[in-house]
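# Observations on the three-dimensional arrangement
So you can see what is in the structure, the chains are spelled out below.
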Amino acid sequence: MTRKKISILLIVMVILGGCNLREKKVPIEGIDMVGILAFDFESDATFKLTAAIPQKSKDSNQITQIYTTSTDLVTDGVVKIEQETEKKVVLNQLRVILLSEEFATSGRVEEVIKHLYRNTQIGNEILMAIVKGSAEELLRQDYPDKASIINYVSDLLQPSVNLAFNPNTNIHDFMYTQTNPNFDPIIPVIEMKKEKVELTGVALFKDKNMKTILTPDDALFIQAIQGKRKLAPINLTTKEGDRLLLDFIDNNVKIISNKSLKSPRLKILLNVEGTMTEFKGKEESFKHPDSIQRLEKEVEKELEDKINTLLMELKQLQVDPIGLTENVRRHHRGKWDTELTRETISKMKWDIKVDVSILSTGILN
């Protein structure tokens with residue numbers, strides 16, 4: 001073997017040896033896996049970063065340890081928490097990101113989510129939620145009937161047909177809608193009430209800031225117009241004073257655009273099928289078909305009014321979490337941007353037609 005080949009071989013061995021030293025694996029006992037990261041507003045320059053970390057040791061007094069630090073960068077905050085735990089802090093098991101309401105209106109949400117989205121340690125299915133009040137306080141509260149705050153919040157935010165708060169938002173959903181000129185992000189809102197956490201609404205974003213909080217019914221109507229087939233049950237009170245709980249079985253939507261950018265108008269045709277699981281009103285037997293048809297007409301009018309109210313609010317705010325402007329954009333040949341979305345939604349008009357079929361009255365009949 002020539003001297004040149006020997007020299008090259010020695011250099012390669014030295015480089016590989018150095019890589020092995022740098023990539024020395026940390027034993028599992030020396031690792032803390034963050035389950036929840038929470039962000040609270042502190043100032044224009046800094047924020048509070050809180051990490052919820054499950055404890056592996058059976059001798060630990062707490063199932064979940066909470067650490068908080070002040071920082072201006074996510075990575076710097078994680079390093080500061082490492083100094084407190086004296087272990088390697090990793091985000092491989094991160095499940096939830098919480099943002100306080102004040103932080104959500106500070107314009108920094110996209111900044112921190114984009115950083116985490118690019119982190120190769122974590123996946124795209126991490127759920128997000130806005131916290132009314134302090135996100136740190138929510139994590140530090142005692143929940144006597146819950147084994148772990150991490151599992152509690154994560155399970156609460158999981159997509160469920162029994163919740164009117166879908167679409168539950170993960171970081172991929174947020175980044176997609178945040179960077180798509182035809183959509184505005186929405187994120188579920190949670191709140192501490194006594195000794196439990198409840199889903200109480202949906203935060204609507206405009207540009208980089210949270211703009212307003214929508215009601216649970218509004219979240220369901222957004223799903224319906226987007227074409228989600230299975231919807232959560234809804235509690236309705238008709239103009240006649242009848243109250244009922246309608247459990248949706250199927251939902252179909254068709255949106256027809258006039259293709260005009262100057263005077264955009266949509267025809268929204270919504271067909272829903274469901275069963276009535278609870279009723280309180282004048283007619284309770286529903287033995288005659290006419291009584292069911294009467295109730296269907298009342299429900300149709302109520303849904304049309306509620307959806308129209310939601311669309312009027314979105315129009316005034318010039319936001320589009322549904323993607324209505326996409327029905328105009330696909331017929332537009334020029335460049336499309338967020339400003340054009342704002343302009344289009346502010347001029348948009350619509351005609352709403354809801355067709356309700358109550359397939360059965362359940363145990364009421």
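Residues numbered from 1 in each chain as written. Predicted model: local features only at pLDDT ≥ 70, side-chain atom pairs only at ≥ 80, totals over all residues. Heavy atoms only, no water.

### Notes on the sheet that holds strand S10 (residues 209-214)
Strand order in the open sheet formed by eight strands is S4-S3-S2-S6-S7-S8-S9-S10, and the pairing between neighbours is mixed. Looking at which strands have only one partner, the edges of the open sheet turn out to be strand S4 (64-71) and S10. Recorded for the sheet is a direction-independent mean angle of 30° between the axes of neighbouring strands. Examined bridge by bridge, strand S7 (residues 127-131) and strand S8 (residues 186-193) share two bridges and lie parallel to one another. Paired with Val131 across the bridge in S8 is Ile190. (Pairing = 2+ DSSP bridges. Helix = DSSP H or I, 4+ residues; strand = E, 2+ residues; numbered from the N terminus. Axes fitted to C-alpha atoms, helices over the stretch in contact; angles between N-to-C directions.)

### Re helix H2 (residues 74-85)
Taking 1.5 Å of rise per residue, twelve residues should cover 16 Å, and H2 covers 17 Å from first to last C-alpha, within 8% of that figure. Where H2 is buried, its residues contact strand S1 (31-33), strand S2 (36-41), strand S3 (47-54), S4, strand S5 (88-90) and helix H4 (109-117). Looking one or two residues past H2, Glu86 carries a phi angle of roughly 60°, positive in sign. (Expected span 1.5 Å × (residues − 1). Contact = heavy atoms within 4.5 Å.)

### Topic: the layout of surface pockets
Within this model, the largest pocket holds a volume of roughly 340 Å³. Looking at the largest pocket, it is lined by 16 residues, and the ones nearest its centre are Gln62, Thr64, Leu139, Gln141 and Asp142. Listing elements by their share of the lining of the largest pocket, those giving two or more residues are S4, helix H5 (135-140) and helix H6 (149-157). When residues in the lining of the largest pocket are grouped by element, the largest group, three residues, is from S4. (1 Å grid on protein atoms, 1.4 Å probe; cavity = no way out; pocket = protein on both sides within 12 Å on 5 of 7 lines; lining within 4 Å. Points joined across faces, edges and corners; volume = space filled by probe spheres on them.)

### Here's the deal with unusual backbone geometry
The bulk of non-glycine residues show a negative phi, and the bulk of peptide bonds are trans. For Lys259, which is not a glycine, the phi torsion comes out positive at approximately 65°. Inspection of the secondary structure puts Lys259 in the loop between strand S12 (243-257) and strand S13 (265-280).

### Some words on the side chain of Ser134
Mapped onto the elements, Ser134 comes out in the loop between S7 and H5. The buried category is assigned to Ser134, whose relative accessible area is 17%. A distance of 3.3 Å separates a polar side-chain atom of Ser134 from the backbone nitrogen of Glu136. A distance of 3.1 Å separates a polar atom in the side chain of Ser134 from the backbone nitrogen of Glu137. (Buried < 20%, exposed > 50% of the residue type's maximum accessible area, 1.4 Å probe, protein only. Polar contact = N/O pair within 3.5 Å; in protein donor to acceptor, adjacent residues only side chain to side chain.)

### Description of the environment of Gly35
Of note, Gly35 is situated in the loop between S1 and S2. Placed 56 residues apart in sequence, Gly35 and Leu91 show a C-alpha to C-alpha distance of 7.6 Å. Discounting chain neighbours no more than four positions away, the residues touching Gly35 are Ala52, Pro54, Gln93, Leu94, Arg95, Val96 and Ile150.

### Re the sheet that holds strand S11 (residues 234-237)
Within the open sheet, the four strands sit side by side as S11-S12-S13-S14. Their pairing is mixed. Each edge of the open sheet is held by one strand with a lone partner, namely S11 and strand S14 (349-360). The sheet shows a mean angle of 40° between the axes of neighbouring strands, direction not considered. Sheet topology places S11 next to S12; four bridges connect them, and they run antiparallel. Within the sheet, the bridge partner assigned to Thr237 lies in S12 and is Arg243. Lying on the sheet, helix H9 (residues 289-317) is in contact with S11, S12, S13 and S14; it crosses S14 at an angle near 145°.

By themselves these figures say nothing about function.
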